[in-house]
Amino acid sequence: LLAGMFGLLISTVGLDPVLRRDLWALFHRLAASGTSLLVSSHVMDEATRCDRLLLMRQGALLADTTPADLLASTGAADAEGAFLHLIDSASGASR
């Protein structure tokens, strides 16, 4: 990793709730101090804790946006619904 950059390649889901809360508080403090964090997760709950999202499916970039803009652009109630909307739109499926 580059100086001033931190990568998290594991999910915090399944951790003790107090530890999970404290880890995300640490991540936000690091980001506020100028450290760039790269969080790689398949869990949409974790995605919404980030300032910016890159949503990918099968190696293709579906979105580069903020959580709020993702919801607004898809009309979805949550990030998982928005991600599924993007996948369905990309494949031409309607559900």
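Here we summarise the structure given alongside this text.

**Overview of the overall build of the chain**
Move 1: Helix and strand counts for the chain come out as four helices and four strands.
Move 2: Counting from the amino terminus, helix and strand elements in the chain follow one another as β-α-β-α-β-β-α-α.
Move 3: Here the chain holds 95 residues, and the buried ones make up 25% of them.
Move 4: Long-range contacts, defined as pairs at least 24 residues apart, comprise 41% of the intrachain contacts of the chain with a sequence gap of at least 6.
Move 5: With an accessible surface of roughly 6,400 Å², the chain has 58% of that area assigned to carbon and sulfur atoms.

**Description of the pattern of salt bridges**
Move 1: Counted according to the given criterion, the structure contains five salt bridges.
Move 2: Residues Arg-20 and Glu-46 are paired through a salt bridge, measuring 3.9 Å at the closest nitrogen-oxygen approach. With a gap of 26 residues between them, Arg-20 in helix α1 (residues 17-32) and Glu-46 in helix α2 (residues 44-47) connect regions that are remote in the sequence. Residue Arg-20 shares its accessibility class with Glu-46, and that shared class is buried.
Move 3: Taking the shortest distance from any N to any O, the salt bridge between Asp-22 and Arg-21 comes out at 3.1 Å.
Move 4: Look at Asp-22 and you get partly exposed, because its relative accessible area is 38%.

**With respect to the packing of aromatic side chains**
Two measures describe an aromatic ring pair: the distance that separates the ring centres and the angle between the ring planes.
Move 1: Applying the stated criterion to the full structure yields one aromatic pair.
Move 2: Measuring from centroid to centroid gives 5.1 Å for Trp-24 and Phe-27, while their planes differ by 80 degrees, and the two rings are edge-to-face. Residue Trp-24 and its partner Phe-27 are located together in helix α1, separated by three residues, close to a single helical turn. Grouping residues by exposure puts Trp-24 and Phe-27 together as buried.

**What to know about the pairing of strand β3 (residues 53-57)**
Move 1: Bridge analysis of β3 against strand β4 (residues 60-65) gives five bridges, and the strand direction is antiparallel. When the bridges of β4 are listed, Met-56 appears paired with Leu-61.
Move 2: The turn joining β3 and β4, which pair antiparallel and follow one another in sequence, is formed by two residues; a positive phi near 50 degrees is taken by Gln-58.

Rules of the game
Note on numbering: residues in each chain are counted from 1, in written sequence order. Totals for whole chains, interfaces and linings use every residue, but because this is a predicted model, local features are given only for residues with pLDDT of at least 70 and side-chain atom pairs only at 80 or more, for both listing and counting. Derived side-chain values reflect all non-hydrogen atoms in the structure, with water molecules and hydrogen atoms excluded from consideration. Numbered from the N terminus, helices here are DSSP runs of H or I no shorter than four residues, and strands are runs of E no shorter than two. Think of it in three bands: residues with accessible area under 20% of the maximum for their type are buried, residues over 50% are exposed, and the middle band is partly exposed, with areas taken using a 1.4 Å probe on protein chains only. Only heavy atoms matter for contacts: two residues are in contact if any of them lie within 4.5 Å across the pair. For the accessible areas, the method is Shrake-Rupley and the probe is 1.4 Å, while residue cover comes only from the protein chains on display. Whenever Lys or Arg places a side-chain nitrogen within 4 Å of a carboxyl oxygen from Asp or Glu, that contact is recorded as a salt bridge. Two aromatic rings from Phe, Tyr or Trp, using only the six-membered ring of Trp, form a pair when their centres are within 6.5 Å; if the ring planes differ by under 30 degrees the pair is stacked, by over 60 it is edge-to-face, and anything between is tilted. When DSSP finds two or more bridges between two strands, those strands count as paired.

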